[in-house]
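Residues per chain are reported as follows:
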Amino acid sequence: MSWDSQARPPGQPGAGMMTGQRSGGPMQGHSGFAGPPMQGAPPSMPHQNMVGPPMQAGPPAAGHAAMPGQPGGPAGMQGHPGAGQGQHQQPPNMMPPSSPAGPRPMQGQMAGPPGAGSMAGPGAGRMAGPGAGQMAGPGAGQMAGPGAGQMAGPGAGQMGQMAGPRPGSAPSQQPPGGPMQSQPGFAGPPMQGVPPSMPHQNMAGPPMHAGPPAAGHAAMQGQPGGPNSAQGHPSMGPGPGQQQPPNMMPPSSHAGPPPMQGHPGAGQMAGPPGVGPGAGHMAGPPPMGGAVQMAGPGAGQMAGPGAGQMAGPGAGQMAGPGAGQMAGPGAGQMAGPGAGQMAGPGAGPAAPQQRISPESTPHPLAVWQADSDLYTGKTFYTNTPSMVPPLPMTSCHIVDQGNCSSRFMRSTLYNVPVAQEILHNCNIPLGLSIQPFAKVPQRENTIYVVNNGDTGPVRCRRCKGYINPHVSFVDGGRKFVCNLCNFANEVPDHYQCQLDQHGRRLDASERPELSYGSVEFLATTDYCKESKWPEPPAYIFLIEVTYQSVSSGLLNLLSRMLRLIFDELPKDTGEQKSKVRIGLATFDNTVHFYNLKASLAQPQMMVVADVNDVFLPLLDGFLVDVEESSSLIEAVLQELPNMYRETRETTSCLGPAVQAGLEALKAAGCAGKLFVFSSSMPKGDMPGMLKNREDRALFRTDKEKNLYAPQNPFYPDLGANCVKQGACIEMFNCSTASFVDIATMSSMVSATGGEIHLYPYFNIQTDGERLVKDLAHSVGRQTGFDAVMRVRCSSGLRATDFWGNLHMNNTTDVLLAGVDCDKAISVEVKYDDKLGEEGAQAYYQVALLYTSVGGQRRLRLHNLAVSCTKQLAEVYRCADMDTIMNMFLKKAVRKLQDTPYKSIRGHLLEQSIALLACYRKECSEPASGARLILPEALKLLPLYVCSLIKCEAVCAQSDSRIDDKAWLMHQVTCMPVTASVPYLYPTVMPVHTARPDDKGLPAPIRCYYEALQQEGIYLLENGFVLILWLGRFTHPAWVKDVFGVHSLAEIDTEKFGKLQVFDNPTSTRLRAIVAQLLARRSHCMKMVVVLQGSQKEALLRRHLCEDGGGEGTPSYMDLLCHIHKEIRNALA
Ligand SMILES: [Zn+2]
């Protein structure tokens, strides 16, 4: 398939309006970039160099220029309901075509590096193949080879990103290990021979066999060297020491950027590689930016990864050549810090040759940066056909033009296959991630609330779908054709309106439900239980008052803080004060209710002693208005610590306490939340009693699943009963014990749409503040109650499977006792039948009926239309990597409940390989098997799969606590895409280089150990944990500024809870960074300090997802090689 065909969204001629091209996206967007500009480019144009090798390459993709993606005329607007609205009227081409946006494609071509192919086990064999020609000859050649290869790779990568910015710009700003894009220098090394007009795409193509670079993919090639490289390398003989010690090279990282720069050799390949020279160069100032990088990384990388893989045959090869060069430079450069480490390697003979440089492999930082370059400060219009919306974390203004914002719903595919067979072939799951109450930036209009009075929303008679912007009005406006089932309905008299010449209702722009993808209706009593308007929800606080709770300080803390937290109670838009009433109860081996009726002189306590038959001892006075009963609430809270100070009771009747809360809501006839504060596992002879069944030996065995099943039916049953009443449970688990059976608790809490907050080995000093923040967030967040969600799809599609904190009694109605702004529900969609023809649309409509915190019954609708296609390449082109991984993650976690980990891992790998092999076979250019060609939009799949199979929620670590594992599984199940992205690729950012006057967060770096410098300090966070890692050569002044002690050894990492306040710029800046990190997550993460080389470092390492795991899980590089090999096998 030609580039053209891939590029042009079929059937979307009018697509002109699409401006915002997203990188993974269609190449066409870049076209402008690619094609044209180059031609005029002066020969010296930097990027061409990268291209180097490929020369033979086929015709560069130049032609695509003509993309439809171009900012088209306003025409595109037509048909867009929203168009009419003033504010929506945007200039179609928000995106300057020439903008840096272009990058994505480039990246795609990564080509070079990954020696994946070659590297792969049998390095030897493969090398041979492709590399052969070039490599041949002198050992030198080989060295070169690799270098070249790498160059290419990275270069390519860079290019992509560089896009806008001309290469050639200063190489220096590059964060170590950072994203390629910043490394402009790359361009540098001039490849001789390259015709000036060569489009950089070539780079992509791995040099060698250049074929015409495929449009949307990222091709990695294991191949070493480009031709040019080969030349001139005299010194490298295949060294003796080919067998390289595995981690001989502390890669680049240590070396850090600086060293790299000195490296000419690399860059130039051409140049002088040998040790001798290398050294020399190092010294000097390095001209080549690009070179620089290569060098370093090349070396380094090879090393790390190489270890395992290279081993066999490959080893030999790599070694030889690499040796010379790497060594030399490494040695020289590393000098300082790296010294220690480098030493080994450098000294040793070999450096690998065809190692894939980690720098050159596809990674999220480059993808995120490209997306950010494309959208930051811009607008994305949701009706843009065949376009993956901006990435979840990209800051962008999203305008609803009839499709809901991607903040509310994302699809795994934005071009849906017309038939099941196509989907089946490509192995991509079809599904949605729905976050019905997602928070949106203020300037993105809030959802309109439509009040149709007694009539309610207009619905389709056949499928019961709701009126939306995608229905079509016919017969002069007297009928509307349902977009979901194609049934022609009569328009009710009260809703009729004339049509304009385009068939659009004259009042369309005045009716939000006909203009916006997301809208709310006020429901009629037909949508209420027993046809009665609901009461506003109530929040009941159930606090454990056992000895454990008192001694840990939990009771004291809550007594002090609850009154303030009540100020956070939520209200509907426009309300002056919250209508949510509160109730207070405590429990040990009995349950105690408090009468807070405003007219009482003082609060009264009533005890329910018979926990086998819980009843509510008071009807009036339990649920109260916070303001009206303020003095009584304060009196109770103040008295609680005194009342239980001397308690010796250690038995908790958590189950009956929850039952009591549920009874209270039933009695009040309202929905609500039960905030349960627990300090121990319920024991003793009473309902809901649990046994300690902690047995880590079951991890990763066939019996592991037993750990995640509830111990008894009490809790799942109680959860189901809560759902009937709309009672949502938020549990705060603050036990100091190692096991409280979160898995069993989760079976109850998840069913209610609630959440468990877990503070392992609860410590009031380090966890108290976090608990209060999490509680304030939970109390205040927007939540819908007593909700039913229904997902309707176009005829031919059906929502079949659901993930989330939810409960279902049939196959279609998703019951959510509560659903808040941080929760997502994932839906898998399957085929019943064929969809329309090429270019037709497929529709999804999510309808959520709920009770608002103000007690209004409302219906929230989110509509989404995506294009249908017969072309496999189009399916791949518009795949949403992040949403797919979100779904893979949830599927893996659910399967743990009945399938051994190993099977899950095997299945996921198989599916990924099948997915990529199908692309390779059906969508990419025929090319040498040495190239690993990845679909552009899914080029991060190997990396994310690598991370998924070893993330803590899926893969139990031998030292994991069962509760922590069960808790992560609970969290993952309801995770929105905005949370699964950092969970699968943690943010790692250097803080030692952060300047006091900087604002914002430091640029993140890649997620592998070798990217950390020993004199550096880094923060890593994934939404659940925040780690501050201090390199062993951390400057003492920094330690003094931040910790107030004189050396690393004096830092008490065990007792560390949070950063102390010191009045100096370093401390201030670091605390500001941490505050910013915390602000973007829904949990107040625990902060941990880890010193390099300490035992605790294992905690950090397990989050470095590009490295191999301690449990035998592969590194990213290993996995790339494995996948490449398997794809080749599959195609053979
Ligand atoms: Zn219908």
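Residues numbered from 1 in each chain as written. Predicted model: local features only at pLDDT ≥ 70, side-chain atom pairs only at ≥ 80, totals over all residues. Heavy atoms only, no water.

## A few points about the overall build of the protein chain
Thought 1: Tallying secondary structure elements over the protein chain gives 35 helices and 30 strands in all.
Thought 2: A buried classification covers 65% of the 1132 residues belonging to the protein chain.
Thought 3: Summed over all atoms, the accessible surface of the protein chain reaches about 36,900 Å², with 53% contributed by carbon and sulfur. (Helix = DSSP H or I, 4+ residues; strand = E, 2+ residues; numbered from the N terminus. Buried < 20%, exposed > 50% of the residue type's maximum accessible area, 1.4 Å probe, protein only. Areas by Shrake-Rupley, 256 points an atom, 1.4 Å probe, with all protein chains shown as cover.)

## A closer look at helix α31 (residues 977-984)
Two residues of an α-helix separated by three or four positions point the same way, owing to the 3.6 residues in each turn.
Thought 1: Counting buried positions along α31 gives six out of eight residues, so the element sits mostly inside the fold.
Thought 2: Against α16 (364-375), β4 (409-411), β6 (431-434), α27 (881-895), α29 (941-948) and α30 (962-973) lie the buried residues of α31. (Contact = heavy atoms within 4.5 Å.)

## Side note on the coordination of the zinc ion
Thought 1: Binding of the zinc ion to the protein goes through C460 (SG), C463 (SG), C482 (SG) and C485 (SG), at separations of 2.2 to 2.3 Å.
Thought 2: One can describe the site at the zinc ion as tetrahedral: its four donor atoms subtend angles covering 98 to 117° at the metal.
Thought 3: For the zinc ion, the single-chain donor residues occur in sequence as C-x2-C-x18-C-x2-C. Of the two residues, C460 sits in the loop between β7 (449-450) and β8 (472-474) while C485 sits in the loop between β9 (479-481) and β10 (488-490), which places them 25 residues apart along the sequence.
Thought 4: Of the residues examined, C460 reaches a relative accessible area of 2% and is grouped as buried.
Thought 5: Take C485: its relative accessible area is 9%, and that puts it in the buried class. (Donors = N, O, S within 2.8 Å, 3.2 Å for Na, K, Ca; no water. Tetrahedral: all angles 85-135°; square planar, octahedral: opposite > 155°, others 65-115°.)

## Quick notes on the packing of helix α24 (residues 742-749) against α30
Thought 1: Two numbers describe how α24 lies on α30: the axes approach to 8 Å, and their chain directions differ by 25°. Put simply, α24 runs roughly parallel to α30. Between α24 and α30 lies a crossing of right-handed hand. Residues I742, A743, S746 and V749 of α24 form the contact with α30, whose participating residues are D963, A966, W967 and H970. (Axes fitted to C-alpha atoms, helices over the stretch in contact; angles between N-to-C directions. Parallel < 35°, antiparallel > 145°, perpendicular 65-115°, else oblique. Left-handed = near helix turned anticlockwise from the far one by under 90°.)

## So, unusual backbone geometry
Thought 1: Even without a glycine there, the phi angle at D741 is positive, about 65°.
Thought 2: Exposure remark for D741: the relative accessible area of 0% places this residue in the buried category.
Thought 3: Its identity is not glycine, yet Y761 carries a phi of approximately 45°, on the positive side.
Thought 4: Given a relative accessible area of 43%, Y761 falls into the partly exposed group.

## Description of the sheet that holds strand β17 (residues 727-733)
Thought 1: What the seven strands build is an open sheet, ordered β15-β14-β13-β12-β16-β17-β18; its pairing is mixed. Either end of the sheet is taken by a strand with one partner, and the two such strands are β15 (604-608) and β18 (755-758). Neighbour-to-neighbour, the strand axes of the sheet open up by a mean angle of 20°, direction not taken into account.
Thought 2: For strand β13 (residues 581-587) and strand β14 (residues 591-595), the ladder comprises three bridges, and the chain directions are antiparallel. Its bridge partner lying in β14, T586 is registered against H592. (Pairing = 2+ DSSP bridges.)

## Brief notes about the confidence of the model for the protein chain
Thought 1: Across the protein chain, pLDDT averages 75, with 68% of residues at or above 70.
Thought 2: Contacts from residues 1-215, a stretch scored under 50 in pLDDT, to residues over four places away or in other chains number 589 contacts.
Thought 3: In this model, residues 222-354 is a region of pLDDT below 50 whose contacts with residues beyond four sequence positions or in other chains number 337 contacts. (pLDDT = per-residue confidence, 0-100.)

## Description of the nonpolar core
Thought 1: By size, the foremost hydrophobic cluster in this structure holds 174 residues, and its most contacted members are I428, M748, V791, Y844 and Y876.
Thought 2: At ten residues, helix α28 (residues 901-922) tops the list of elements feeding residues into this core.
Thought 3: Beyond its immediate sequence surroundings of up to four residues, V791 is in contact with L432, I434, A799, F802, V827, Q845 and V846.
Thought 4: Core analysis: the next-biggest nonpolar cluster, separate from the first, contains 39 residues, L569, Y594, V624 and F762 among them. (Core = buried A, V, L, I, M, F, W, Y, C linked by side-chain atoms within 4.5 Å.)

## So, the packing of aromatic side chains
Within a pair of aromatic rings, the relevant descriptors are the distance that separates the centres and the angle that separates the planes.
Thought 1: A full pass over the atoms with the stated rule returns 19 aromatic pairs.
Thought 2: Both rings, one in Y448 and one in Y516, keep their centres 5.2 Å apart while their planes meet at 20°; by these two values the pair is stacked. Here the residue Y448 occupies a position in the loop between β6 and β7, and Y516 occupies one in the loop between α18 (512-515) and β11 (518-522), the gap between them amounting to 68 residues.
Thought 3: Exposure remark for Y448: the relative accessible area of 37% places this residue in the partly exposed category.
Thought 4: Between the aromatic rings of Y539 and F675, the centroid separation amounts to 5.4 Å while the plane-to-plane angle is 55°, which identifies the pairing as tilted. With Y539 in strand β12 (residues 538-544) and F675 in strand β16 (residues 672-678), this residue pair connects regions lying 136 residues apart in the sequence. Summarising the burial analysis for this pair, Y539 and F675 share the class buried.
Thought 5: A connected cluster of aromatic rings, assembled from ring pairs, spans Y539, F541, F566, F675 and F785. (Phe/Tyr/Trp six-rings, centres within 6.5 Å; stacked < 30°, edge-to-face > 60°.)

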